[in-house]
Amino acid sequence: MASASVRAEPMQTAPRTSPDLRIPLLDLDRPGFEALAAGWGFKPFHGRNLFRWLHKHGVSELDAMSDLSKALRERLATETRIDLPRVAVEKPSADGTIKWLLDLHDGQRVETVYIPEESRSTLCVSSQVGCALDCRFCATARQGFSRNLSTGEIIGQVWHATRALGKPPTNIVMMGMGEPLANFDAVVKAMAIMQDDFAYMLAKSRVTLSTSGIVPNIYRLAEVSEVSLAVSLHAPDNALRDQIVPINRKYPLEQLIPACKAYLRGEPRRRITWEYVMLKDVNDSDRQAKALIRLLEGTPSKVNLIPFNPFPNSGFETSDPERIETFRQRLKRSGLVATTRKTRGEEIAAACGQLVGQVQNRRLPRAGAQRPVSIGLSM
Ligand code: SAH
């Protein structure tokens, strides 16, 4: 944290090959900025002002931060750095969706997607370069896992979008590349900045973390955050979920469902959003709708049916629209809130599970081979 790094020596004259010890300001949350200022003998509120300049006003030039003392600005100039994301590619879509491919300092790239709607705007933010979880229908999984993003790289996506659009999005979903609960600390800190009144001011209900179900970290999240929780369910039973969301073998449904229930803490207005990707003849039968209803009994829930977004050699097809609607109606008749997600940004490959930047250092190039998907399809 900041207080520890404050002792770093000025690095301006250091040879380029030595490590850059300057403090990356985008990695700090508000308490981090306050501690930084206090550690240097300034008042904590000076740190808060700096935080506000950076995130609320989107100003990154120290000279423009008129209410900071010269002494503080000089110290910041020598001992800190602000690593803003660089846009490699910006792809706007006819429906208003914008996808940004952002360059990271080590040549890795991540994607961020902006989705405007009539009454709100949503930013879909990445938490890792690639993903290690191997969900069978997800394009990011095909890239393998490269590394976690830092807090600065996560909030940098929000910083960039806010600057590009002239205002912050009304909603943020941690549904881009990666598994946010596998990068716990950096994600939690970035989500705190999203909610901070001196930064992006998003209500806790307007920040959503989507997880494939890393059960211990759902309990940890409950201790430190109240953001909305979305869970990638995709199957109503362990046999199928084991195959399409392999993390289920480690944390099966009988562990996942109680963890999600506990996350809600019995608060009447909260509920879990269950994401359910509609895969033709795999998880879309009437019997499976019934099993899903049984599974969610007693958990305040909203089910979001996601038409599968195809990509080359996925081995899956999306369910017919009529099947999706029949499935949804069944859920609704049982009293569940069930919606079908509209697919946006399709022609710029910005739709769910299609975020496939040119990611280097892949774990396993799967050589485009169509993997056999051996799932009991007799349901
Ligand atoms: N790792 C997190 C967030 C990632 S993606 C998670 O698993 O929740 C956000 C959502 O998109 C998840 O529900 C994911 O399962 C879904 N998704 C992935 N690939 C998809 C595809 N090809 N079509 C539709 N939805 C997909």
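What counts, and at which threshold
Residues numbered from 1 in each chain as written. Predicted model: local features only at pLDDT ≥ 70, side-chain atom pairs only at ≥ 80, totals over all residues. Heavy atoms only, no water. 1 Å grid on protein atoms, 1.4 Å probe; cavity = no way out; pocket = protein on both sides within 12 Å on 5 of 7 lines; lining within 4 Å. Points joined across faces, edges and corners; volume = space filled by probe spheres on them. Helix = DSSP H or I, 4+ residues; strand = E, 2+ residues; numbered from the N terminus. Nonpolar A, V, L, I, M, F, W, Y, C, P; charged D, E, K, R; others polar. Near = heavy atom within 4 Å. Polar contact = N/O pair within 3.5 Å; in protein donor to acceptor, adjacent residues only side chain to side chain. Areas by Shrake-Rupley, 256 points an atom, 1.4 Å probe, with all protein chains shown as cover. Axes fitted to C-alpha atoms, helices over the stretch in contact; angles between N-to-C directions. Parallel < 35°, antiparallel > 145°, perpendicular 65-115°, else oblique. Left-handed = near helix turned anticlockwise from the far one by under 90°. Contact = heavy atoms within 4.5 Å. Pairing = 2+ DSSP bridges. Buried < 20%, exposed > 50% of the residue type's maximum accessible area, 1.4 Å probe, protein only. pLDDT = per-residue confidence, 0-100. Salt bridge = Lys/Arg side-chain N within 4 Å of Asp/Glu carboxyl O. Core = buried A, V, L, I, M, F, W, Y, C linked by side-chain atoms within 4.5 Å.

When its volume is computed, the second largest pocket comes out at roughly 440 Å³. Among the elements of the structure, β4 (98-103) and α6 (151-165) are those that each provide at least two residues to the lining of the second largest pocket. Considering only residue class, the lining of the second largest pocket consists of seven nonpolar, five polar and nine charged.

Around the ligand, the surrounding shell holds 21 residues, and the nearest of these are Phe 137, Ser 210, Ser 232, His 234 and Asn 309. One nitrogen or oxygen atom from the side chain of Ser 210 is found 2.6 Å from an oxygen atom belonging to the ligand. A distance of 2.6 Å separates an oxygen atom of the ligand from a polar side-chain atom of His 234. Expressed as a share of its isolated accessible area of 530 Å², the protein-covered part of the ligand is 96%. Those elements giving two or more residues to the shell around the ligand turn out to be β10 (207-211), β12 (272-278) and β13 (301-307).

A few words on the packing of helix α2 (residues 30-39) against helix α3 (residues 44-55). Two elements in contact, α2 and α3, have axes separated by 7 Å at closest approach and are oriented at 135°. Put simply, α2 runs oblique to α3. Crossing of α2 against α3: the hand is right-handed. On α3, the residues that touch Arg 30, Phe 33, Glu 34, Ala 37 and Ala 38 of α2 are Pro 44, His 46, Gly 47, Arg 48, Leu 50, Phe 51 and Leu 54. A class-by-class count of the residues in the contact of α2 with α3 yields seven nonpolar, two polar and three charged.

Turning to the sheet that holds strand β14 (residues 337-340), a few remarks are in order. Judged by pairing direction, the sheet is mixed, and its ten strands sit side by side in the order β3-β4-β5-β6-β9-β10-β11-β12-β13-β14 without closing on themselves. The strands lining the two open edges of the sheet, one partner per strand, are β3 (86-92) and β14. The sheet shows a mean angle of 20° between the axes of neighbouring strands, taken without regard to direction. Its contacts with the sheet put α6 on β3, β4, β5 (109-116), β6 (121-124) and β9 (171-174), and the angle it makes with β4 is roughly 130°.

The buried count for β5 comes to six of eight residues, which makes it a mostly enclosed element. Sheet topology note: the β4/β5 ladder contains six bridges and is antiparallel. Paired with Asp 103 across the bridge in β5 is Arg 109. Hairpin geometry of β4 and β5 is characterised by an intervening segment of five residues between the two adjacent antiparallel strands and by a positive phi of about 90° at Gly 107. The pairing of β5 with β6 spans four bridges and is antiparallel. Within β6, the position partnered with Ile 115 by the bridge is Thr 122. The hairpin formed by β5 and β6 contains four residues between the paired strands.

Right, let's talk about the confidence of the model for the protein chain for a bit. Reading fine detail from the predicted coordinates is not recommended where pLDDT is low. Put simply, the protein chain has an average pLDDT of 89, and 87% of its residues get 70 or more. Taken as a whole, residues 1-14 scores under 50 in pLDDT and shows 26 contacts with residues more than four places along the chain or in a different chain. With pLDDT under 50 throughout, residues 358-379 is counted as low confidence; its partners more than four residues away or in other chains account for 50 contacts.

The subject of this paragraph is the pattern of salt bridges. According to the stated counting rule, one finds 25 salt bridges in the structure shown. Salt-bridge contacts for Glu 79 lead to Arg 75; the nearest nitrogen and oxygen are separated by 2.8 Å. Here Glu 79 pairs with Arg 75, and both are found in helix α4 (residues 70-79), just four residues apart, close to one helical turn. One salt bridge in this structure joins Glu 267 and Arg 265, with 3.4 Å as the shortest N-O distance. We classify Glu 267 as partly exposed; its relative accessible area is 29%. Where salt bridges share partners, they join Asp 20, Arg 22, Arg 81 and Asp 83 into one cluster.

This paragraph deals with helix α11 (residues 286-296). Looking only at α11, the buried set comprises Gln 288, Ala 289, Ala 291, Leu 292, Ile 293 and Leu 296. At its buried positions, α11 is contacted by α9 (238-244), α10 (253-264), β12, β13 and α12 (321-333). Where α11 ends, the next residue or the one after it, Gly 298, has phi of about 90°, a positive value.

Before going further, it helps to spend a moment on the side chain of His 160. Mapped onto the elements of the fold, His 160 is located in helix α6. The exposure class assigned to His 160 is buried, which follows from its relative accessible area of 11%. Apart from the residues lying within four places of it in its own chain, the contact partners of His 160 are Pro 85, Val 87, Trp 100 and Leu 102.

This part is about the nonpolar core. By size, the foremost hydrophobic cluster in this structure holds 100 residues, and its most contacted members are Phe 137, Met 194, Leu 221, Val 303 and Leu 331. Among the elements that take part in this core, helix α7 (residues 184-195) stands out by supplying eight residues, more than any other. Not counting residues within four places of it along the chain, the set of residues in contact with Met 194 comprises Ile 154, Ile 155, Val 158, Ile 172, Met 174, Tyr 200, Met 201, Leu 202 and Val 207.

On to the environment of Met 65, then. With respect to the helices, strands and loops of the structure, Met 65 is situated in the loop between α3 and α4. Among the residues examined, Met 65 registers a relative accessible area of 0% and is labelled buried. Note: C-alpha distance between Met 65 and Leu 54 (eleven residues apart in sequence) is 9.0 Å. Among all residues touching Met 65, those that are not within four sequence positions of it are Leu 50, Trp 53, Val 59, Ser 60 and Arg 73.

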